[in-house]
Amino acid sequence: MNILFASSEVAPFIKTGGLADVAGSLPQALARAGHDVKVILPLYEGIRQEWRDQMTFCCWFNVTLAWRSCYCGVFSLYKDGVTYWFVDNEYYFKRADIYGHYDDGERFAFFSRAVIETPQHMNYYPNVIHCNDWQTALVPIYLLEDRYRYPTLANARSVFTIHNIEYQGRYGAHVLSDLFGLDKSYFNEKMLAYHGDVNLMKGAIYASDFITTVSPNYAYELQYDFYAHGLAGVVTDCRSKIRGILNGIDMDVFNPETDPGLAQNFSAYDTAGKAACKAALQQAVGLNQDPDVPIVACVSRLVSHKGFDMVLNALNDLAGMNIQMVVLGTGDWKYEEAFRQFESQHQGRFAARIMYSAALSTAIYGGADIFLMPSVSEPCGLSQIIAMRYGTLPVVREAGGLKDTVQPYNEFTGEGTGFTFTNIETWELVDAVRRASDLYTYNKGAWQHLMFQAMTADFGWSRSAGEYLGIYHDITGIPRPNPGSESEPQPVEEAVIADSQDQPQPQAQETADQAPAAEEASDVPSAPAQESVPAEVSAPAEEPKAEEPAPSEEKPKRVRKAPAKKSDGQKAEAKKPAKAAAKKPAAKKPAAPKARTTRKSAKANGEE
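Note that this is a predicted model, so its numbers are computed, not measured.

A.B. asks: What is the right way to read the packing of helix H5 (residues 138–146) against helix H7 (residues 200–207) from this model?
C.D. replies: The relative placement of two packed helices comes down to the angle between their axes together with the axis-to-axis distance. Between H5 and H7, whose axes approach to 7 Å, the crossing angle comes to 50 degrees. One finds that H5 runs oblique with respect to H7. Here the hand of the crossing between H5 and H7 comes out left-handed. Touching Leu 138, Pro 140, Ile 141 and Leu 144 of H5 are Leu 200, Gly 203, Ala 204 and Ala 207, all from H7. Classifying every residue of the contact of H5 with H7 gives seven nonpolar, one polar and no charged.

Next comes the structure, spelled out in structure tokens:
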């Protein structure tokens, strides 16, 4: 299957938040499954020279955007089984920041047109175009008409992933034709019209063949205005094609056994090195050197929807516990100043680092004992997953993906990977932290067992990639290579609507944030080492394993008749039914482009 993945940011090339991590890891998982995957993103000024030196210039052409004719260059880079296409236009993308410009609507409309037009110039026939967030929301809309204009898009289907519904791409109605090049027929309630404005995310939800969110619980929450930011009715209207698929992390990159940013490496089977990491963290941020006191950590943007109103209200109660606390991040001034003041009052027990530091975030994940993440809303979240990977047990509110990823500790059975609370209440946050600190202090055996379960939980991309592939097969009609071998998506009604009567209603609280999420990552390969389990780890008789999906009971679908013309770049898929295999072209492995020095980008022209 040919998959074109469109994203406004992709790790490790350019990153501001979790979207880049997903766009960097998911395509690689799809490529490992044997599919031809291309990732397309803008060639920003912030992409480092070391990556530019590995790019190869492919072609250039003019993109038609309404009345404009704009230069578009394409550079390619082959890495880890995936071909990356970089869209070059210095007028739009040679800027210090990738978001926050007055003409972001025009910039990403140009990028969306480039996504649509690049395949024909690269002789690539995508079966699926996977778009992400409002910056690529115009792609499924443009595809409605352009699939009939460009032969390369004739069989293309669109998938749109909502990473954060708060940012929707909303503009005045006058931009419809002048900026986006769409006629007035698109300005209706089943497409782009939204309270007299144009809403790009709303249009993508209606125009796409399928919609995904970054966690199953977030898909459920989006039916409520408290979480959906005005699009609850649209989500409910399209619920038959919406499914939540949990994000993952690169288990090799985030690996305490090999991470060079740690004072001493450790594993789930030998956690002795975590004590050295804790001592190094205490020294680095000015906390008292005390190995017996648990360290509670926050690594986050300091904004309201991350739950920091509750944290501020809880500070005095937390100060009354036998704990230390460290906060790393930047955000709203009121939170920054409150944490600075609290640090001055509690030297040695509280540390506030109002800054961005990838190195310090790694030290916190490795050296802290408890990770506090009391988000009011959280589509998925990666920080709590990374913390568990490093044996730092999370305390989270059961919101969005936090509920899907953190299993609450059960003192009677020993099950769990962290501690949770339900409502947006300060006393519930304090109670959850107290339960965690008490377990750390008074029951070391149970704490070690809980660490073991958290560190060995499987949050890799393989299962999630299988669920995405199931969606791709369903919307394209391409039969699965081995029915039942890939993760079968459950019915959408079950994924989104099931148990709606039993779910607690969210408490009303204002949420305000206008900056993309910032999750940190380190670029470290790894190979897990097997060591003996320490005596203090009360591990079960068998090692914890990721729950395997039940085999599919469905019969293989009938194979569609192959079209008269097949895409040149389309791969034959392994182990297909005999009839299907006979009609597919021979498998063709994409050749890696030659690595040579990048040609100087041409200047943008024809802007007016």
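After that view, the rundown keeps rolling.
A.B. asks: When you look at the packing of aromatic side chains in this model, what are you seeing that I'm missing?
C.D. replies: When we look at a pair of aromatic rings, we describe it by the centre distance and by the angle of the planes. All chains considered together, the criterion is met by 28 aromatic pairs. Relative to Tyr 92, the ring of Tyr 91 lies with its centre 5.0 Å away and its plane at 70 degrees, an arrangement referred to as edge-to-face. Here a set of aromatic residues connected by ring pairs shows up, and it is made of Tyr 44, Tyr 91, Tyr 92, Phe 93 and Phe 110. One cation-aromatic arrangement involves Lys 444 over Tyr 440; the distance from NZ or CZ to the ring centre is 3.6 Å.

A.B. asks: What should I look at first to understand the pattern of salt bridges in this one?
C.D. replies: Opposite charge on two side chains permits pairing when their charged atoms draw close. One pass over the structure, following the stated rule, counts 23 salt bridges. With a shortest N-O distance of 3.3 Å, Glu 189 and Lys 202 are connected by a salt bridge. Here Glu 189, found in the loop between helix H6 (175–178) and strand E9 (193–194), pairs with Lys 202, found in helix H7; they are 13 residues apart in sequence, far enough to count as distant. As a salt-bridge pair, Asp 431 and Arg 435 come within 3.1 Å of each other at their nearest N and O atoms. Of this pair, Asp 431 and Arg 435 both sit in helix H17 (residues 426–442), four residues apart, which is roughly one turn of that helix. Assessed through its relative accessible area of 32%, Asp 431 is described here as partly exposed. Overall, the relative accessible area of 35% leaves Arg 435 in the partly exposed class.

A.B. asks: Hey, could you run me through helix H12 (residues 308–319) in this one?
C.D. replies: Working note: α-helix, 3.6 residues per turn, so residues spaced by three or four point in the same direction. Over its twelve residues, H12 runs 16 Å from end to end, which matches the ideal 16 Å to within 8%, given 1.5 Å per residue. Buried within H12 we find Phe 308, Asp 309, Met 310, Val 311, Ala 314, Leu 315 and Leu 318.

A.B. asks: What am I meant to see in the sheet that holds E9 here?
C.D. replies: Strands belonging to one sheet form pairs held by backbone hydrogen bonds; the direction of such a pair is parallel or antiparallel. Spatially, the three strands line up as an open sheet ordered E8-E10-E9, and their pairing is antiparallel. Two strands in the sheet have a free side with no partner beyond their single neighbour: strand E8 (170–172) and E9. Summarising the sheet, E9 and strand E10 (residues 197–199) pair through two bridges and their orientation is antiparallel. Residue Tyr 194 lies in a different strand from E10, and its bridge partner there is Asp 197. Where H7 meets the sheet, its contacts fall on E8, E9 and E10, and the angle it forms with E10 comes to roughly 55 degrees.

Conventions and cut-offs
Residues numbered from 1 in each chain as written. Predicted model: local features only at pLDDT ≥ 70, side-chain atom pairs only at ≥ 80, totals over all residues. Heavy atoms only, no water. Axes fitted to C-alpha atoms, helices over the stretch in contact; angles between N-to-C directions. Helix = DSSP H or I, 4+ residues; strand = E, 2+ residues; numbered from the N terminus. Parallel < 35°, antiparallel > 145°, perpendicular 65-115°, else oblique. Left-handed = near helix turned anticlockwise from the far one by under 90°. Contact = heavy atoms within 4.5 Å. Nonpolar A, V, L, I, M, F, W, Y, C, P; charged D, E, K, R; others polar. Phe/Tyr/Trp six-rings, centres within 6.5 Å; stacked < 30°, edge-to-face > 60°. Lys NZ or Arg CZ within 6 Å of the ring centre and 35° of its normal. Salt bridge = Lys/Arg side-chain N within 4 Å of Asp/Glu carboxyl O. Buried < 20%, exposed > 50% of the residue type's maximum accessible area, 1.4 Å probe, protein only. Expected span 1.5 Å × (residues − 1). Pairing = 2+ DSSP bridges.

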